[in-house]
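# Examination of the molecular architecture
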Amino acid sequence: MNAHFAGMEIAQLIKRTTLSMEQSNTIKGGFIRVMGKFDEIQKAVFEGNVERVKNLAETLVAAGEDPLAIIDDGLIAGMNIVGTRFKEGEMFVPEVMMSASAMNAGVDAIRPLVKSGEIQSAGVIVIGTVKGDLHDIGKNLVCMILRSAGFEVVDLGVDISSEKFIDAINKHNPKIVGMSALLTTTMPAMKETIDTIAEMGLRNKIKIIVGGAPVSREFAEQIGADGYGDDAISARDLCINLLNK
Ligand code: B1M
C-alpha cells in the first residue's frame, strides 16, 4: 500500500480524515490546522519512513518551525491519517507499527529541542497506559510535554494494573497520577484503578487525570477523575491548574 502512495493523495487523506473526525468525533489532535509545510512529514509518517521523518523533523526545526507545531501538525496529523486508514481496513498492524516507529523517531529528534523549564519543578507525576492496553504513542507525547514543562514524570509504561499504580504511588509519592486508554474495552480499567486508589486510602493525597482517544470529559467526571486532557498540551495545562488549586 505504502509504495502506491501518490503525491496528490495526502490532501485527499487529510480531507477524508477531517470529515471522519467531524462525523465520528473519535479522532483528536487538531489536525484541521494542518497546513502545506507539514505535508511531507505527514506523508513520511504515513509511509512509515523512519529516516525521512527524522530528517524532516530536524530540517523543520532548523528552518525555525515551532517544535510543538511539528509534533501537532506534522507527526500527530500523519498518525491520524494512519488511524483513519487502519479503521477503514486499508492499513494493517505491521504498517501501523512502522508509522508508529516513524512518529517516535520524529518525537525523539525533536525532544531535546522542546524548551524546558517553563515552570520550576512542580512535583512528581506518575503516568501509565491502563491494564490490557498496549497503546503508548499518545502517553509518550504527554510524558514529553509534561517533562518539558518541568514536571518529574515517572512513566510506568503500558498494561499497568491498579496494583502497579498503587505500588508506584507508594514508591514515588506523586502529586498527580495520569492514566491513558486507547480502547473502549480498557476504559473501565481507569475506574477500577481510581476505586482501588480510594480503597487503599490514597485518593485524598493525589489528583487523577485521564486521557486517550475514546475518553471524554463526561467519562472522566463519571469515574471520579479530577480532570481530562484532550491532548498533550491540555494535559500539561490541566496539571499546572490542578497543582495551583
Ligand atoms: Co490500535 N486501535 N489496536 N494499535 N490504534 C486504535 C486505538 C483504534 C481506534 C483503531 C481503529 O479501529 N480505528 C482501535 C480501538 C477501537 C476501540 O476501542 N473502539 C484499535 C484497536 C481495535 C486495536 C487492536 C485491538 C487491533 C487488533 O489487534 N485487532 C490492538 C489492541 C492492542 C492492545 O492494546 N491490547 C491494537 C494495536 C495497535 C498497534 C500495536 C498496532 C498500534 C499501537 C502502537 C503503540 O502505541 N506503540 C496501534 C495504533 C497505532 C492505533 C491508532 C492507529 C493510532 C493511535 C495513536 O497512537 N494515535 C489508533 C487509531 C486512532 O486513534 N485514530 C488505534 C496518535 C496519538 C498521538 O494519539 O493516542 O489519542 P492518542 O493520544 C493523544 C490524546 O488522546 C491525548 O494526548 C495525546 C497526544 O495529543 N492523550 C492523553 C493520550 N493519553 C493521554 C493521557 C492523558 C491526557 C491526554 O492524561 C493522563
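Keep in mind it's a predicted model, so treat the numbers as computed, not measured.

Turning next to the site of the ligand. As a structural note, the neighbourhood of the ligand is formed by 34 residues, with Leu-134, His-135, Asp-136, Ser-180 and Thr-184 the closest of them. Within the side chain of Ser-180, a nitrogen or oxygen atom sits 2.8 Å from a nitrogen atom of the ligand. In the environment of the ligand, an oxygen atom lies 3.3 Å from a nitrogen or oxygen atom belonging to the backbone of Ala-213. Taken together, the elements giving at least two residues each to the shell around the ligand come down to α4 (67-87), α5 (93-110), α6 (137-148), β3 (176-180), β4 (207-211) and α10 (232-244). Among the elements that line the shell around the ligand, the one with the most residues is α4, at five residues. Residue composition of the shell around the ligand, by class: 19 nonpolar, 10 polar and five charged.

Looking now at the coordination of the cobalt atom of the ligand. For the cobalt atom of the ligand, the sole protein-derived donor is His-135 (NE2), lying 2.2 Å away. Residue placement: His-135 occurs in the loop between β1 (124-130) and α6.

All right, on to the packing of helix α2 (residues 39-47) against α4 then. At a minimum axis separation of 8 Å, α2 and α4 run at an interaxial angle of 40°. With respect to their mutual orientation, α2 and α4 come out oblique. Judged by the sense of rotation from one axis to the other, the crossing of α2 with α4 is right-handed. Residue-level inspection shows Ile-41, Gln-42, Val-45 and Phe-46 of α2 in contact with α4, the latter providing Ile-70, Asp-73, Gly-74, Leu-75, Ala-77, Gly-78, Met-79, Ile-81, Val-82 and Arg-85. Here the residues of the contact of α2 with α4 sort into nine nonpolar, three polar and two charged.

Scanning the entire structure with this criterion turns up nine salt bridges. Between Lys-43 and Glu-47 there is a salt bridge, with its nearest N and O atoms 3.4 Å apart. Of the two residues, Lys-43 and Glu-47 are both situated in helix α2; the distance of four residues between them amounts to about one turn of the helix. The shortest N-O distance in the salt bridge between Lys-139 and Asp-155 comes to 2.9 Å. Taken together, the residues span a long stretch of sequence, with Lys-139 in helix α6 and Asp-155 in strand β2 (residues 152-160) at a distance of 16 residues.

Conventions adopted
Here, residues in each chain are numbered from 1, in the same order as that chain's written sequence. Reporting of local features is limited, given that this is a predicted model, to residues whose pLDDT is at least 70; pairs of side-chain atoms are given and counted only at 80 or more, and all residues count toward the totals for whole chains, interfaces and linings. With hydrogens and water stripped out, all remaining heavy atoms of the structure feed into the side-chain values. Only heavy atoms are used to decide nearness, and a residue is near a molecule or strand if one of them lies within 4 Å of it. Distance and chemistry together define a polar contact, namely a pair of N or O atoms within 3.5 Å, with one atom able to donate a hydrogen and the other to accept it when in protein, and with adjacent residues in sequence counting only for side-chain atoms on both sides. The helix and strand labels rest on DSSP assignments: H or I over at least four residues marks a helix, E over at least two residues marks a strand, and numbering proceeds from the N terminus. Residues are grouped as follows: Ala, Val, Leu, Ile, Met, Phe, Trp, Tyr, Cys and Pro are nonpolar; Asp, Glu, Lys and Arg are charged; all remaining types, including Gly, are polar. Note that water is not among the atoms considered, so a metal site may appear incomplete; the donors listed are N, O and S atoms within 2.8 Å of the metal, with 3.2 Å applied to Na, K and Ca. Every angle, taken between N-to-C directions, lies between 0 and 180 degrees, and every axis is a line fitted to C-alpha atoms, over only the stretch in contact when it is a helix. Any angle that is under 35 degrees is reported as roughly parallel, and any over 145 degrees as roughly antiparallel; angles of 65 to 115 degrees are reported as roughly perpendicular and all others as oblique. Two helices cross in a left-handed way if the nearer one is turned anticlockwise from the farther one by less than a right angle. They cross in a right-handed way if the turn is clockwise. We call two residues in contact when some of their heavy atoms are within 4.5 Å. Here a salt bridge means any side-chain nitrogen of Lys or Arg lying within 4 Å of a carboxyl oxygen belonging to Asp or Glu.

Everything listed is a geometric property; what it means functionally is a separate question.
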